[in-house]
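# Descriptive analysis of the structure
Residue-level listing of the chains:
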Amino acid sequence: MKSCLRHLSGLSGLVVLLFLWWLGTDVLSAKNSFASRFSVEETLPTFWHLLTSSDLTLHALISLKRIVVGLLFALIIGVPVGLLIGAKPWVERATGPAFQFLRMISPLSWMPIAVMVFGIGDKPIYFLLTFATVWPIMFNTAAGVKQLDRHFLLVAKSLAATQSETLLYVVFPGILSHMMTGIRLAIGIAWIIIVPCEMLGVSAGLGYFILDTRDRLAYPELMSTILLIGLIGYLLDSLVRAAARRLG
């Protein structure tokens, strides 16, 4: 019963949001005004049409592929470095100022440099996504190691567990919730910056499709793409939260 009420309350918020959108573009705006071009009555049928009979789905899949690759690179870098930072205080002291300095630089500010170094295509996007998502993964992994109960490590040592066994059966299960939090934050960041990243001269992806609809003055298609971005982002976050609950 409580679960149903939670879902209904969440749905009611979406209904209110849809109502406000309809009120602003279909009721309060003047006919043939610029705001009316983003009308709900035009966007929703276009949204369904694009999902069923255009390449918008393909653009979404390309964006998701880039997200996955960027996250994989961030995990490969962030988890080992986070383990080292959490386990060795001297490493944290040595790297802390540099990492905090880099973390505070907007990933999008690297766009011109990424294009100059990696050229046009997927490579600069992978770099920007990795740079943006490595920090929450790294710092949450380090936080998980710091809060790990040292008695578990002592028990593993007394049982003559190897370093790999201790890492696999003691450390990773103990920091899993922190890692999942970092991954959830990383996915949210990646999904936010993927759109401007895909305006970097690539020929596919949701960011590219938004530019294309703008250039064609296809405003219902533009709004449909924005709706799809929000929907996919919400589903990604829900999947990570569900996985965290199951693994926890």
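Each value, and the rule that gives it
- Residues numbered from 1 in each chain as written.
- Predicted model: local features only at pLDDT ≥ 70, side-chain atom pairs only at ≥ 80, totals over all residues.
- Heavy atoms only, no water.
- UniProt positions renumbered as here; feature names shortened; annotations may be inferred.
- Buried < 20%, exposed > 50% of the residue type's maximum accessible area, 1.4 Å probe, protein only.
- Helix = DSSP H or I, 4+ residues; strand = E, 2+ residues; numbered from the N terminus.
- Arc of directions from axis to C-beta.
- Contact = heavy atoms within 4.5 Å.
- Salt bridge = Lys/Arg side-chain N within 4 Å of Asp/Glu carboxyl O.
- Core = buried A, V, L, I, M, F, W, Y, C linked by side-chain atoms within 4.5 Å.
- Phe/Tyr/Trp six-rings, centres within 6.5 Å; stacked < 30°, edge-to-face > 60°.

An unreviewed UniProt entry lists the protein chain under the name NitT/TauT family transport system permease protein, with Bartonella apis given as the organism. The record in UniProt for the protein chain states the following under Subcellular location (unreviewed entry): "Cell membrane". Quoted verbatim from the Function (unreviewed entry) field of UniProt, the annotation for the protein chain is "Probably part of an ABC transporter complex. Probably responsible for the translocation of the substrate across the membrane."

### Points about helix α9 (residues 206-215)
Here α9 has its buried residues at L206, G207, F209, I210 and T213. Each buried residue of α9 lies within a common arc of 160° when the element is viewed along its axis, so the set occupies one face. Those residues of α9 that are buried lie in contact with α2 (40-53), α3 (56-87), α8 (163-197) and α10 (219-247). A positive backbone phi angle near 60° is found at L217, which sits one or two residues after α9.

### Thoughts on the UniProt feature "transmembrane region" (unreviewed entry) in the protein chain
Per the UniProt entry, the sites bearing "transmembrane region" (unreviewed entry) are residues 67-87, 99-119, 125-145, 185-211 and 217-236 in this numbering. For residues 185-211, helix accounts for 70% and strand for 0%, while the C-alpha atoms at its two ends are 27 Å apart.

### Regarding the pattern of salt bridges
Here the structure, examined in full by the defined rule, presents 9 salt bridges. The partner of E221 in a salt bridge is R216, with the nearest N and O atoms 2.7 Å apart. Look at R216 and you get partly exposed, because its relative accessible area is 41%. One salt bridge connects R241 with D237, and the closest N-O pair in it is separated by 3.0 Å. Of the two residues, R241 and D237 are both situated in helix α10; the distance of 4 residues between them amounts to about one turn of the helix.

### What to know about the nonpolar core
Among the nonpolar cores identified, the biggest contains 49 residues, and I67, L129, W191, I194, L206 and L228 are the most heavily contacted of them. Among the elements of the structure, α2, α3, α4 (89-103), α5 (111-118), α6 (122-146), α8, α9 and α10 are those that each provide at least two residues to this core. If you tally residues by element for this core, the top one is α8, at 13 residues. Every residue in contact with W191, bar those within four places of it in the chain, is listed here: S63, L64, I67, L206, I229, I232, G233 and L236. Judged by nonpolar contacts, the second largest core, of 5 residues, contains F38, V40, Y219 and M223.

### Focus: the packing of aromatic side chains
Per the stated rule, a full pass over the model turns up 7 aromatic pairs. Summarising the aromatic geometry, the rings of F118 and F127 are spaced 5.4 Å apart at their centres and angled 35° between planes, so their arrangement reads as tilted. When its relative accessible area of 38% is taken as the criterion, F118 is described as partly exposed. By way of ring pairs, the aromatic residues F99, W110, F118, F127, F131, W135 and F139 are connected into one cluster.

### Observations concerning the environment of F73
Among the structural elements, F73 can be located in helix α3. Among the residues examined, F73 registers a relative accessible area of 41% and is labelled partly exposed. On a C-alpha basis, the gap between F73 and P112 in space is 21 Å, while along the polypeptide they are 39 residues apart.

### So, unusual backbone geometry
Backbone geometry places L217, a non-glycine residue, at a positive phi of 60°. Along the polypeptide, L217 turns up in the loop between α9 and α10.

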